[in-house]
Structures are given as C-alpha cells and as structure tokens.
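Structural overview for review
Listed here are the chains, written in short residue letters.
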Amino acid sequence: MLRIHSLEVGPFAMNTIVAWCDETREAIWFDPGAEGDTILRWIKSNDLIVTRIVNTHGHCDHIADNGFAKAAFNVPLCIHPLDRPKLTNPVLNLSVYTGIEVVSPDADEELNEGDLLKCGNVEFKLFHVPGHSPGSLVFNADGLLIAGDTLFNESVGRTDFPDSSESDLHSAIRTKIYMLPDETKVYPGHGDPTTVGHEKRYNPYVRP
Ligand SMILES: [Zn+2]
Ligand SMILES: [Zn+2]
C-alpha cells in the first residue's frame, strides 16, 4: 500500500512529498523544493529507501533542492521532457525573478503520460496535464493523486506565465483528473489536500 508524507517547505509554501510502499519501504521523493535537510532526516528516521527523485514540473519552488537530494541518494532525477529545460535555466524556472537563481542537475530520466512509475509494489500511472507549465505531470496510485500545481483545494495553478495556457489547464483537469474516482485523495503542490469529488462540486475555476 502507498503511504504519503506531505510537508510544506520554503518561502513559497510548497508541499514536498515522500511517497512509499509500506511493504518494501521503497520511496519516491517528489519535488525537493526547500528544507531538504529536514526531509532527509525524516526519510532516514523512517528507514525508507529512496529510489527516485521526481519533479511534478520545473518551477524553482519545486526543484531548488534537487541537487541536495541527488547528493544524498544518488538516484535518477526524473521530469517530463517539456519541463526538462527549466531544470538548468533560471529564466525558464522563474528563479531569476526571485533574487536567488536556481540551477538543478539535469534530469537522468524523462517521464511521459502512460508511463508506469514503480514505487516498491505500487505503480503510479502518469498523466500529462499541461497548462500551468507545458510539462506538468500528475501521478495516480492507490486512490491517491500527486497533483503538483495543476489542481488545488478549491483553486487551480497560475496560468499567467509566458508558457502557461489556461485553456490547456482547464481541459487537462476536466479530461484527466476529473475522470478519476470521486474519492481519489488529491495532494497538491500548495495548500491542503482535497478530493476529486470535492473539486468537481466546489472548484470555482473548473466545472466538470
Ligand atoms: Zn509551478
Ligand atoms: Zn509551486
């Protein structure tokens, strides 16, 4: 069974997520964005074996501690090909506008819609949900969804960046996320968890 530890970190209040299989204790660290040392201590104290570092997308608040995580675990860093250029480019990952330029290591593996991502005995299904950024991915397994900055609790990701698209985001949410069972628990990149059913009923931005 899949377990999730979501912790809000850094100046952008980003949720970094550790997901693990409670049978094998193999884990994936999603979005090492800040406070990597805190997460590293938590991972070690829970005897988890990190097998991959995965970015939901390439914005600086989600990738700033990729280098720290890679140095700690020396496992593949993975992202969708369309957001891969953001990793090493402070203009594209928007950090140039924050005053602290972020340069991540380049990716070791690219992830695409339809790929299965193993985490111990659990397999994540991947969906490409462009709009907030061109290479945004969401990850679905065991009735859970790791949603990055696509869908939030009664909100959605920003689409005012140069490579964003509001219409792409809304259609991706409708055709890929709202198709999941209502009880699917959604872990967003910012803010509190929610469910697909709650958002279908109450999200003011994207109606089913
Ligand atoms: Zn973002
Ligand atoms: Zn974010």
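Here's a quick rundown of the structure.

**Regarding the layout of surface pockets**
Approximately 300 Å³ is the volume attributed to the largest pocket. Contributing to the lining of the largest pocket are 13 residues, with Phe12, Asp61, Leu94, Arg158 and Phe161 lying nearest its centre. Among the residues making up the lining of the largest pocket, the classes are represented as six nonpolar, four polar and three charged. Reported here for the second largest pocket is a volume of approximately 190 Å³. Lining the second largest pocket we find 14 residues, and of these Pro11, Phe12, Ala64, Ile100 and Val102 sit closest to its centre.

**Considering the coordination of the zinc ion (ligand 1)**
Each protein donor to the zinc ion (ligand 1) is listed here as His57 (NE2), His59 (ND1), His132 (NE2) and Asp149 (OD); together their distances run 2.1 to 2.4 Å. Coordination at the zinc ion (ligand 1) is irregular, judged from the four donor atoms that bind it and the angles of 88 to 174° they form at the metal. Taken as an interatomic distance, the gap from the zinc ion (ligand 1) to the zinc ion (ligand 2) is 3.5 Å; Asp149 donates to each of them. When its relative accessible area of 0% is taken as the criterion, His57 is described as buried. Given a relative accessible area of 3%, His59 falls into the buried group.

**Remarks on the packing of helix α1 (residues 36-45) against helix α3 (residues 66-73)**
Geometry of a packed helix pair, given as the angle between the helix axes and the separation of the axes. The interhelical angle for the contact between α1 and α3, taken along N-to-C directions, is 30°, at an axis separation of 10 Å. The two elements α1 and α3 meet at a crossing, and its hand is right-handed. For the pair formed by α1 and α3, the contact residues are Gly36, Asp37, Leu40 and Ile43 on the first element and Phe68, Ala72 and Phe73 on the second. Looking at the contact of α1 with α3, its residues break down into five nonpolar, one polar and one charged.

**A look at the sheet that holds strand β14 (residues 194-195)**
The strand order across the open sheet built from six strands is β7-β8-β9-β10-β13-β14, with neighbouring strands paired in mixed fashion. The open sheet terminates on both sides in strands that have one partner only, identified here as β7 (116-119) and β14. Bridge count between β7 and strand β8 (residues 122-128): four bridges; the pairing is antiparallel. Opposite Leu116, over in β8, you have Lys125 as the bridge partner.

**Some details on the sheet that holds strand β2 (residues 14-21)**
Spatially, six strands are ordered β1-β2-β3-β4-β5-β6 in an open sheet, and the strand pairing comes out mixed. Because the sheet does not close on itself, it has two edges, and the strands there are β1 (2-9) and β6 (109-110). Note: strand β5 (residues 77-79) against β6, two bridges, orientation parallel. Bridge pairing links Cys78 to Glu109 in β6. Here α1 sits on the sheet in contact with β1, β2, β3 (26-30) and β4 (49-54), set at roughly 20° to β2. Against the sheet, α3 contacts β3, β4 and β5, and its axis sits at roughly 150° relative to β4.

The rules behind each value
- Residues numbered from 1 in each chain as written.
- Chains lettered and ligands numbered in written order.
- Predicted model: local features only at pLDDT ≥ 70, side-chain atom pairs only at ≥ 80, totals over all residues.
- Heavy atoms only, no water.
- 1 Å grid on protein atoms, 1.4 Å probe; cavity = no way out; pocket = protein on both sides within 12 Å on 5 of 7 lines; lining within 4 Å.
- Points joined across faces, edges and corners; volume = space filled by probe spheres on them.
- Nonpolar A, V, L, I, M, F, W, Y, C, P; charged D, E, K, R; others polar.
- Donors = N, O, S within 2.8 Å, 3.2 Å for Na, K, Ca; no water.
- Tetrahedral: all angles 85-135°; square planar, octahedral: opposite > 155°, others 65-115°.
- Buried < 20%, exposed > 50% of the residue type's maximum accessible area, 1.4 Å probe, protein only.
- Axes fitted to C-alpha atoms, helices over the stretch in contact; angles between N-to-C directions.
- Helix = DSSP H or I, 4+ residues; strand = E, 2+ residues; numbered from the N terminus.
- Left-handed = near helix turned anticlockwise from the far one by under 90°.
- Contact = heavy atoms within 4.5 Å.
- Pairing = 2+ DSSP bridges.

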